[in-house]
Amino acid sequence: MATLTAALVLPSELKPSFSPHQSSLFVCRRRPKKSHPAFPVARLFGPAIFEASKLKVLFLGVDEKKHPGKLPRTYTLTHSDITSKLTLAISQTINNSQLQGWSNRLQRDEVVAEWKKVKDQMSLHVHCHISGGHFLLDLCAKLRYFIFCKELPVVLKAFVHGDGNLLNNYPELQEALVWVYFHSNLPEFNRVECWGALNNAAAPPPPAAGGGDGRVEAHQDMRQVEPSSKWERPEEPCIENCTCCFPPMSLIPWSQDLAHENIHDTQKGLQQQT
């Protein structure tokens, strides 16, 4: 999460080519004799590790005994570059007070999520802002997408750890599918991806062959767990009032009008690789 700040300050000559073997990014420093780095880029290609001691959880008007299929439940996760700590608010609506301040509006590194029941099937819908709003985000869209994907297992682990009592009371939620919405004004990054069951998506990815980042390979493996019909796009709720869908409207105040042609079709991706 903190590495998204680097996307706003990295000069063009330091922007990575996303090769896991390139280490020159960490060598260039304005003042190498100082003990601390000039930019918070050291974790950019390092492992994404969840640390429970750095997570602060706020329960705002929710009951861990209430199933999210009956009582609205959302997650608002933010990160402090000063303390390196995560703050997770678990509430019935997005905790907008966490998203105030000029730094949050500038960096847009928050992650928000909601539980949804659609046709009696529970799923977790996670939203990330890639670009749009100001030109700095647009310039760094590719890097921001890469960082969000790399850090998402940590985000999901924070959800699982912070809301552990709920998941212990309803262990079937661990098997719920995770849908990740990447919001961008660029069609390339304006997409929806299915990350598989929550317990798998929250697990740290194994190292890739050759010592690279295993996130992509692990993500592709998770796609093959379920039948193809479950991976095309999120199920649409019923149009009329019903008891099999809840809540009736999304609790996320962000636009969800993602064009179908920009929705990530995981099955086509798998066919191209085979």
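Right above here is the structure, for reference.
Rules used throughout
- Residues numbered from 1 in each chain as written.
- Predicted model: local features only at pLDDT ≥ 70, side-chain atom pairs only at ≥ 80, totals over all residues.
- Heavy atoms only, no water.
- Helix = DSSP H or I, 4+ residues; strand = E, 2+ residues; numbered from the N terminus.
- Buried < 20%, exposed > 50% of the residue type's maximum accessible area, 1.4 Å probe, protein only.
- Areas by Shrake-Rupley, 256 points an atom, 1.4 Å probe, with all protein chains shown as cover.
- Phe/Tyr/Trp six-rings, centres within 6.5 Å; stacked < 30°, edge-to-face > 60°.
- Salt bridge = Lys/Arg side-chain N within 4 Å of Asp/Glu carboxyl O.
- Core = buried A, V, L, I, M, F, W, Y, C linked by side-chain atoms within 4.5 Å.
- Pairing = 2+ DSSP bridges.

Participant: Could you give an account of the overall build of the protein chain, with specific residues and numbers?
Facilitator: Assigned secondary structure in the protein chain consists of eight helices and seven strands. Within the protein chain, the fraction of its 274 residues that count as buried is 49%. Entry remark: accessible area of the protein chain is about 14,400 Å², with carbon and sulfur atoms responsible for 53%.

Participant: Which residues make up the packing of aromatic side chains, and what values do they have?
Facilitator: One pass over the full model with this rule turns up three aromatic pairs. Between the aromatic rings of Tyr 75 and Phe 159, the centroid separation amounts to 4.7 Å while the plane-to-plane angle is 25 degrees, which identifies the pairing as stacked. One end of the pair, Tyr 75, is in strand β2 (residues 74-79); the other, Phe 159, is in helix α4 (residues 141-162), and 84 residues separate them in sequence. On the basis of relative accessible area, Phe 159 is assigned to the buried category, the value being 2%.

Participant: Would you mind going over the pattern of salt bridges in detail, with residue names and values included?
Facilitator: For side chains of opposite charge, pairing can occur when their charged atoms come near one another. Applying the stated criterion across every chain, the model contains five salt bridges. A salt bridge links Lys 54 to Glu 51, with the shortest nitrogen-to-oxygen separation between them at 3.7 Å. Owing to a relative accessible area of 30%, Lys 54 belongs among the partly exposed residues under this scheme. Residues Asp 163 and Arg 73 are paired through a salt bridge, measuring 2.7 Å at the closest nitrogen-oxygen approach. With Asp 163 in the loop between α4 and α5 (164-169) and Arg 73 in the loop between β1 (55-60) and β2, this residue pair connects regions lying 90 residues apart in the sequence. A relative accessible area of 1% means that Asp 163 is categorised as buried.

Participant: Hey, could you go over the nonpolar core for me, with residue numbers and the actual values?
Facilitator: Formed by 40 residues in total, the largest nonpolar core has its most connected members in Trp 115, Leu 124, Val 126 and Phe 159. Looking at this core, the elements that each hand over two or more residues are β2, β3 (86-91), β4 (111-118), β5 (121-129), α4, α5, β6 (177-183) and α6 (198-201). If one sorts the elements of this core by residue count, α4 sits on top with eleven residues. Core analysis: the second largest hydrophobic core is formed by five residues, Leu 177, Trp 179, Tyr 181 and Cys 194 among them.

Participant: Describe the pairing of strand β7 (residues 191-197), and please don't skip the residues or the numbers.
Facilitator: For β7, a buried count of seven out of seven residues is recorded, marking the element as mostly surrounded by other parts of the structure. Where β6 lies against β7, five bridges are found, and the strand directions are antiparallel. Its bridge partner lying in β7, Val 180 is registered against Glu 193.

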